[in-house]
Structures are given as structure tokens and as C-alpha cells.
Amino acid sequence: MDNAWLALAGTTIAVAGTLVAPIVSQRLLAHAESDRHERQERAADAQWVREQRVVALDKRRDCYVNANSGYRRHRIELMKYLWLVHKRGDTAEERTALEDARHAMHASFAEAQMVASDSVLAELDALAQTLAHLYDRIMRLEEGDAAPDDSFEKIRTDLLRANAQWVIMRGEMRADLGVDSRPAAISTTAPDSPAVAGATADGLRAAQPG
């Protein structure tokens, strides 16, 4: 009798194991499949984040290139226009070029306000204010309405100093893009140094007609 019960119990366990095995196997497979999907989703999310960072970096780089070019062009056009005003030359054509450069700089600044880092935006804003003030002084000088203590030489000196601001601004852009690891706010060329003055003076001489 005992043997019969043992045989029956063994048969019951074997049948139960046969019936339960597929269920357990399906659950294990489902769990493994769920883990695989979760890993794939995490990998896809990480890839998306990396791609978005690349897109953002490319957009910021393009913006900085436009702003750097726009600010530099406006500063050079101010140099050329100041020289023509000083020499009482024909400023009609150069005035058009100056205004085009001025509007292009404003457009690049507006674009930068959407994507630039705070440190870069601060330098862009500071230089924009400097150039706007220089523009106003040059226009007043041309109209014969300059401030009593203002002159061609003083405006020229401030244009030379604006070059140093541009160098610092460019350094902030490079640092933000990871091109230069040095502190961007510390310019290697001081505003009144011979290197800056000489380089910008060359630009003024190159702008002089004939």
C-alpha cells in the first residue's frame, strides 16, 4: 500500500511538473524579454540625448561663428567710416556698408540670445553696447555735434580697446565649445597692450583710402 501511494505521489508530482514547467518557462522568457526591452529603451534614450547634445553644440557653434564674424565686421566698418569722416571723404557708399554690418551684428546677437551660454551672452552684450556707443559718437562727429571732450583720436583709441573686448568674447566662445580650456574671461592681451593696439592700428591703416 505504501508503495502504491509513493508511486501515485511520484506520478502526481511528475505530471504537475510537466504542467507547470511551460508556465514557469513562459514567465522567465517574459521577464527576460522585458529586461531586454528595458535595456534597449535605456540605450535608445542615451543615444537620443547624445544626438541632441551634438545638435545643440553644432547649433551653438554656428551661432558663435555668425556672431564673431558679425561683430568683427561691424567694428572694422566703424574704423573705415571714422577714417572717412576724419578725412571728410565721400561717406555715402561706406555708410551703406556700415549700416549693413550693423544690422547683421544685431541679427547675430538676437540669434545668440536664444542659444549662447550666460558667460558668452554677457560678453556679446557688453561689446554690443560698446560698439553702439562708438557708432553714436562717430555719427555725432560727422554731423559736427560731437561732445566737447570728444574727438577723432579719442574715438580711435576706444576702437582699439574694443578689439580687446572682441578677443575676450571670442575666448569665451571657444571655451564654451570646448576648444580652449583656459579661462576665457582672462585675456592674454590687455586692452592697451602693444599687440592689440598694433593689430588694430594696422586695421585702421588698411582702411585708409589711397
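Please read all numbers here as calculations on a predicted model, not as lab measurements.

Rules used in this analysis
Residues numbered from 1 in each chain as written. Predicted model: local features only at pLDDT ≥ 70, side-chain atom pairs only at ≥ 80, totals over all residues. Heavy atoms only, no water. pLDDT = per-residue confidence, 0-100. Helix = DSSP H or I, 4+ residues; strand = E, 2+ residues; numbered from the N terminus. Axes fitted to C-alpha atoms, helices over the stretch in contact; angles between N-to-C directions. Parallel < 35°, antiparallel > 145°, perpendicular 65-115°, else oblique. Left-handed = near helix turned anticlockwise from the far one by under 90°. Contact = heavy atoms within 4.5 Å. Nonpolar A, V, L, I, M, F, W, Y, C, P; charged D, E, K, R; others polar. Salt bridge = Lys/Arg side-chain N within 4 Å of Asp/Glu carboxyl O. Buried < 20%, exposed > 50% of the residue type's maximum accessible area, 1.4 Å probe, protein only. Phe/Tyr/Trp six-rings, centres within 6.5 Å; stacked < 30°, edge-to-face > 60°. Lys NZ or Arg CZ within 6 Å of the ring centre and 35° of its normal.

Caption draft 1: Broad picture of the confidence of the model for the chain. Taken over all residues, the pLDDT of the chain has a mean of 78, while the share at 70 or more is 70%. The secondary-structure element of the chain with the lowest mean pLDDT is helix α5 (residues 194-207), recorded at 43, while helix α3 (residues 118-142) shows the highest, at 95.

Caption draft 2: Examining the environment of Gly 171 more closely. Summarising the element assignment, Gly 171 is placed in helix α4 (residues 152-176). In this structure the C-alpha to C-alpha distance between Gly 171 and Glu 123, which are 48 residues apart in sequence, comes to 9.9 Å.

Caption draft 3: A look at the packing of helix α2 (residues 92-115) against α3. For the pair α2 and α3, interaxial distance at closest approach is 11 Å and the crossing angle is 160 degrees. The orientation of α2 with respect to α3, classified from their angle, is roughly antiparallel. When you trace α2 past α3, the crossing you get is left-handed. Counted together, Arg 95, Leu 98, Glu 99, Arg 102, Met 105, Phe 109, Ala 112 and Gln 113 of α2 and Leu 121, Leu 124, Asp 125, Ala 128, Leu 131, Tyr 135, Met 139 and Glu 142 of α3 form the full contact between these two elements. For the contact of α2 with α3, a count of residues per class yields ten nonpolar, one polar and five charged.

Caption draft 4: Up close: unusual backbone geometry. For Arg 88, which is not glycine, the phi dihedral falls at a positive 55 degrees. Relative to the helices and strands, Arg 88 resides in the loop between α1 (2-86) and α2.

Caption draft 5: Focus on the pattern of salt bridges. Within the structure shown, the criterion is met by ten salt bridges. With a closest N to O distance of 3.9 Å, Arg 95 and Glu 142 form a salt bridge. Separated by 47 residues along the polypeptide, Arg 95 in helix α2 and Glu 142 in helix α3 bring together distant segments of the chain. Relative accessible area serves as the criterion here: at 31%, Arg 95 is assigned to the partly exposed category. The partner of Asp 145 in a salt bridge is Arg 140, with the nearest N and O atoms 3.9 Å apart. Beyond isolated ion pairs, a larger network of salt bridges with shared partners links Arg 95, Glu 99, Arg 102 and Glu 142.

Caption draft 6: Structural context of the packing of aromatic side chains. A complete count under the given rule lists one aromatic pair for this structure. One residue, Arg 75, lies across the ring of Trp 166, its end atom 5.3 Å from the ring centre. The side chain of Arg 170 reaches across the aromatic face of Trp 166, ending 4.7 Å from its centre.

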